[in-house]
Amino acid sequence: MSLIKKIKDYYKKGGRILFTTPSHNQGHFQTTAAEKLLGKQFLQYDLSELDGFDNLRNPQGPIKKLLENISNIYNSKSSFILTNGSTSGIIASMLAFLKEGDKVLIARNCHISVYNGLVLSGAVPVWFLPEYDSEWGIYKGIKAEQIEKILREQEVKALIITSPTYEGLYSETEKIAQICKNHGVIFIVDEAHGALYNFGNFKTKPAIQCGADISVQSLHKTAGAPNPCALVHISNQSSLNPDKLQKALNIINTTSPSYALLASCETVINYLNSSKGQLYIEKLLSDIEIFKKNISSKIHIYSGKNDPTKILIKFNGAAPSAIAGILNEKYKIEEEFSNHKSMLFICGIGTNANKLNKLCSALNEISKNTFTKCSTDAVMKYNLPDIKYTPRQAFFKDKIVIDTENAVNKISAEAITTYPPGIPVLLPGEVISKDILNKIDKSHIEICC
Ligand SMILES: Cc1ncc(COP(=O)(O)O)c(C=O)c1O
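If you're wondering where the values come from, they're calculated on a predicted model, not measured in any experiment. (Residues numbered from 1 in each chain as written. Predicted model: local features only at pLDDT ≥ 70, side-chain atom pairs only at ≥ 80, totals over all residues. Heavy atoms only, no water.)

Chemist: Break down helix α12 (residues 259-272) for me, citing the residues and quoting the values.
Modeler: Between its terminal C-alpha atoms α12 stretches 20 Å, which fits the 20 Å expected from 14 residues at 1.5 Å a residue. Along α12, 11 of the 14 residues are buried, which leaves the element largely enclosed by surrounding structure. Every buried residue belonging to α12 is among Tyr259, Ala260, Leu261, Leu262, Ala263, Ser264, Cys265, Glu266, Val268, Ile269 and Leu272, and all of these are buried. The distance from a side-chain oxygen at the start of α12 to the backbone nitrogen of Ala260 is 3.1 Å, and the residue carrying that oxygen is Ser258. (Helix = DSSP H or I, 4+ residues; strand = E, 2+ residues; numbered from the N terminus. Expected span 1.5 Å × (residues − 1). Buried < 20%, exposed > 50% of the residue type's maximum accessible area, 1.4 Å probe, protein only. Polar contact = N/O pair within 3.5 Å; in protein donor to acceptor, adjacent residues only side chain to side chain.)

This is the structure:
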């Protein structure tokens, strides 16, 4: 029986008198303000691991069935629901398959959870910089050639990449997977922004169908589940043991996952997998196409090997921060981010034609104005810093704050990101060079003792 049916059935049969958590007692306690906010039903679904209801740590009943169903839909060896976002799937994958001292190849523009996974696992990063697109102020998708070259020179246990990137660019995942296989390297893809790829025509296959060992997808980002629902999958072709991943998930996950979230994942996945769901995604993609056709020729839309639901635009040289200010103030429209060159609007399953039309009209109207050109063209020439301590070692070091001017050759205890290039120019455990120091606009810095 599906989890949703199980919960409905429970109530149909009159429920039970529960002396268990959660304390709201299926919504008997709910403030009026919360009821207005959430309605009555949410808390009725917010049950704990009741007798016969199974649990996420060692699923044997309805949750096991639900996970098997998800695994069938995604054609994976095993899939796990995450009620703490892709963050938890990334960290757990690293804890499960990397141990202290293992080298792991990571693109410097990774999400912070990958860095935190290094702190927890004790694995040692081998950083690399993907190619930079100075026209748009973003990092490109990762090319197989770059990975092949590094793996010929360095032995690593695993590779972690983000594809699509935050800005929506695809990497050469299929070719990279083959290279990883040839070198015996575990391949983990942070596919947090790619949760719709199983269900629509995105001109890319989901990472585990491309040959990655593991992928992590945020269902809440594009696929319509509530925050922070996500999935982690192990590929059918991978030799990795799912039990290890379950054990790692059990270390970092709550022991009280909300059944309302688990049931939401079930409904969203079943819907996306239905013909109705697929039509819905087709409609989203065609609405985005129409938006692009209607946009003024003064506005450039990024088009390459990228995810169409991430609309990346730039105005003929105008500073994106100025455009973002007008959008916010005059049109009450908020973008996902603006860098010194471009701005990003994230769409997902809930983005409708009406919302896209409003954005299109606002941008077209703004484009009639004349703007001063943006000045920050110079990208900081960036060399990866020397590493003195691993992220884990740096985390446990004593720290002090000193004047930045005295920090040359000291070891940073901070992550410092500058724009451009928009990635951490310093991470904890890295040596602060004079060169980097000159480009940091900070009076104080925390260092490792
Ligand atoms: C590329 C990338 N990976 C992972 C994450 C973490 O995802 P979640 O919010 O589901 O934990 C994010 C969140 O913004 C992200 O942008």
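Chemist: Please give an account of the pairing of strand β7 (residues 186-190) that cites residues and values.
Modeler: Walk down a regular strand and you will see the side chains alternate between the two sheet faces. The element β7 is extensively covered by neighbouring structure, given that five of its five residues are classed as buried. Alternating residues of β7 divide into Ile186, Ile188 and Asp190 and Phe187 and Val189, and every residue in both groups is buried. By the bridge criterion, five bridges tie strand β6 (residues 158-162) to β7 in an arrangement that is parallel. Its bridge partner lying in β7, Thr162 is registered against Asp190. Note on the crossover from β6 through helix α8 (residues 173-183) to β7: the handedness is right-handed. Across three bridges, the pairing between β7 and strand β8 (residues 214-218) is parallel. Along β8, the bridge assignment pairs Ile188 with Ile214. (Pairing = 2+ DSSP bridges. Right-handed = clockwise from strand over helix to strand, strands pointing away.)

Chemist: Account for the side chain of Thr83, with residues named and values stated.
Modeler: Looking at where Thr83 falls in the secondary structure, it is placed in the loop between β1 (76-82) and α5 (85-97). Here Thr83 falls in the buried class, since its relative accessible area comes to 12%. The residues touching Thr83, leaving out its near neighbours within four places in the chain, are Pro228, Thr254, Pro257, Leu261 and Leu262. (Contact = heavy atoms within 4.5 Å.)

So far we have only geometry, and geometry alone does not tell us how the molecule works.
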